[in-house]
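# Survey of secondary and tertiary structure
Chain by chain, the residues run as shown.
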Amino acid sequence: MIDIRRTLTAAASALALTTAAAAIPTTASAAEVMRCSHQLPPAHHIAKVIDRWAEEVESQSGGELDVQIFGANSLVGAKENIVATAKGDIECAFSVSFQWGKTLPIMTVTVAPFAFGDLDMWRKWPESDAAAFLTEKLREKGVQNTVWLFTTNTSVFTSNGSFLVKPEDFKGVKIRGLVPAFNKSLEALGAAPSSMSGSKVYQALATGVIDAGLTDAAAAVSRKYYEVQDHFTVVPVISVYFHGYLNPGFYDGLSDNAKKALDAAGKKAAMWAIEASDEAGSAAPDQLREKGVNVHVATDAEVKALEAIMRPAFDEAFSGDDPDSQKMVELIGKM
């Protein structure tokens with residue numbers, strides 16, 4: 001005969017084990033997939049920081065978040081990252097500050113010519129009132145900021161045949177532009193700027209769409225500008241940062257643990273980016289020379305001559321009557 005009591009006990013035990021097992025989250029069932037798009041090539045120092053950030057987020061979250069990085073425009077193009085994230089087509093993306101352009105002009109404050117070269121300012125940035133103000137404004141535009149990645153304060157003007165050093169060297173030169181306010185500073189030199197993302201510049205130089213480039217010194221190496229340009233002027237003209245952001249709905253739906261993981265990883269990555277950017281910027285001039293191109297590091301006198309023309313033109317175009325821009329300048333002044 002069947003022992004009914006034994007059968008019921010066994011069934012109850014099996015049910016209890018099944019219920020307990022279901023209550024234990026596994027990596028496969030609990031991990032929330034977070035796809036992150038960016039435009040940088042794998043060799044770029046900030047691309048490497050982003051990979052490290054992703055690993056840190058996963059570690060800090062205890063495997064709750066599965067961060068999948070898609071670099072080099074392999075998931076979404078540079079110009080589409082912001083909209084794709086805001087709409088929820090993807091969960092996360094990284095953009096360079098000036099890609100916000102007219103959508104959120106105050107994001108471009110650090111491209112004020114020769115104004116933001118102090119690394120101590122960037123070390124204070126993630127916890128600053130200025131960063132908090134930008135985070136608030138970014139949320140209003142449809143994204144939740146999560147990490148600030150300083151990228152460069154060492155830029156290069158690239159050209160063929162001769163250096164771009166003195167103001168008169170820029171007259172009539174078709175050059176890569178960034179955002180309206182910075183483009184005004186180039187126009188003040190007599191140049192003809194054309195705004196485009198970093199991933200488009202190599203082809204534009206190779207085909208003659210533009211005569212000269214502007215990028216951070218490390219990117220000139222990683223993007224192989226030395227293949228299409230032979231003169232590089234190193235000059236601290238702009239400071240640039242990337243930032244990582246999430247779709248607000250996705251972020252709001254995360255657990256407190258996951259949000260804490262993003263915050264902790266973001267603070268660490270901000271410092272990693274400064275270290276990596278300082279190292280990359282310092283090494284880039286010699287790396288360019290090793291490629292056989294001509295490199296000139298602008299002198300203090302040459303920098304002052306450019307600044308005297310470029311900075312007033314930028315300031316007039318940037319601040320104007322916009323209260324947010326004025327507040328941003330004020331907050332940065334307090335750092």
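In what follows, the structure referred to is the one given above.
Described in the following lines is the structure provided in the data block. (Residues numbered from 1 in each chain as written. Predicted model: local features only at pLDDT ≥ 70, side-chain atom pairs only at ≥ 80, totals over all residues. Heavy atoms only, no water.)

### Considerations on the state of the cysteines
- Taken as a whole and assessed by the stated rule, the structure comprises one disulfide.
- Paired through a disulfide, C36 and C92 show a sulfur-sulfur distance of 2.2 Å. The sign of the 105° torsion about the S-S bond sets the C36-C92 disulfide as right-handed. Here C92 lies in strand β3 (residues 92-96) and C36 lies in strand β1 (residues 32-37), a separation of 56 residues in the sequence. Assigned by exposure class, C36 and C92 land together as buried. (Disulfide = S-S within 2.5 Å. Helix = DSSP H or I, 4+ residues; strand = E, 2+ residues; numbered from the N terminus. Buried < 20%, exposed > 50% of the residue type's maximum accessible area, 1.4 Å probe, protein only.)

### Considering the pattern of salt bridges
- Tallied over the entire structure, the rule returns 14 salt bridges.
- Between D286 and R289 there is a salt bridge whose closest N-O contact spans 2.8 Å. With D286 and R289 both in helix α11 (residues 256-290) and three residues apart, the pair spans about one turn of that helix.
- Across the pair E330 and K334 runs a salt bridge, and its minimum N-O distance is 3.5 Å.
- Classification of K334 by relative accessible area gives exposed; the value is 62%.
- Members of the salt-bridge network, linked through shared partners, are E127, D263 and K267. (Salt bridge = Lys/Arg side-chain N within 4 Å of Asp/Glu carboxyl O.)

### Here's the deal with the side chain of S197
- Position of S197 relative to the elements: it lies in the loop between β7 (192-195) and α8 (198-207).
- For S197, a relative accessible area of 7% puts it in the buried group.
- In terms of polar contacts, S197 uses its side chain to reach the side chain of S199, at 3.1 Å. (Polar contact = N/O pair within 3.5 Å; in protein donor to acceptor, adjacent residues only side chain to side chain.)

### A few points about the sheet that holds strand β5 (residues 155-159)
- Ordered in space as β8-β5-β9-β11, the four strands form an open sheet in which the pairing is mixed. Taken across any chain shown, the strands that pair with only one partner, and hence form the sheet edges, are β8 (213-216) and β11 (294-297). For this sheet, the mean inter-axis angle between neighbouring strands, taken without regard to orientation, is 25°.
- Pairing of β5 with strand β9 (residues 231-235), which is carried by five bridges, proceeds in the antiparallel orientation. By the bridge assignment for β9, S159 is matched with H231. (Pairing = 2+ DSSP bridges. Axes fitted to C-alpha atoms, helices over the stretch in contact; angles between N-to-C directions.)

### Details of empty space enclosed by the protein
- One pass over the full model with this rule turns up two cavities of 30 Å³ or more.
- Estimated volume of the largest cavity: approximately 180 Å³.
- Looking at the largest cavity, it is lined by 18 residues, and the ones nearest its centre are V96, F98, R176, T215 and D216.
- Of all the elements in the fold, those that place two or more residues in the lining of the largest cavity are β4 (144-152), β8 and β10 (240-246).
- Looking at the lining of the largest cavity residue by residue, the class counts come to nine nonpolar, six polar and three charged.
- The calculated volume of the second largest cavity comes to roughly 50 Å³.
- If you go around the second largest cavity, the residues you meet are W122, W125, P126, W148, L149, F150, Y241, A270 and I274.
- When residues of the lining of the second largest cavity are traced back to their parent elements, those giving at least two are β4 and α11.
- With three residues, the top contributor of residues to the lining of the second largest cavity is β4.
- Grouping the constituent residues of the lining of the second largest cavity by class yields nine nonpolar, no polar and no charged. (1 Å grid on protein atoms, 1.4 Å probe; cavity = no way out; pocket = protein on both sides within 12 Å on 5 of 7 lines; lining within 4 Å. Points joined across faces, edges and corners; volume = space filled by probe spheres on them. Nonpolar A, V, L, I, M, F, W, Y, C, P; charged D, E, K, R; others polar.)

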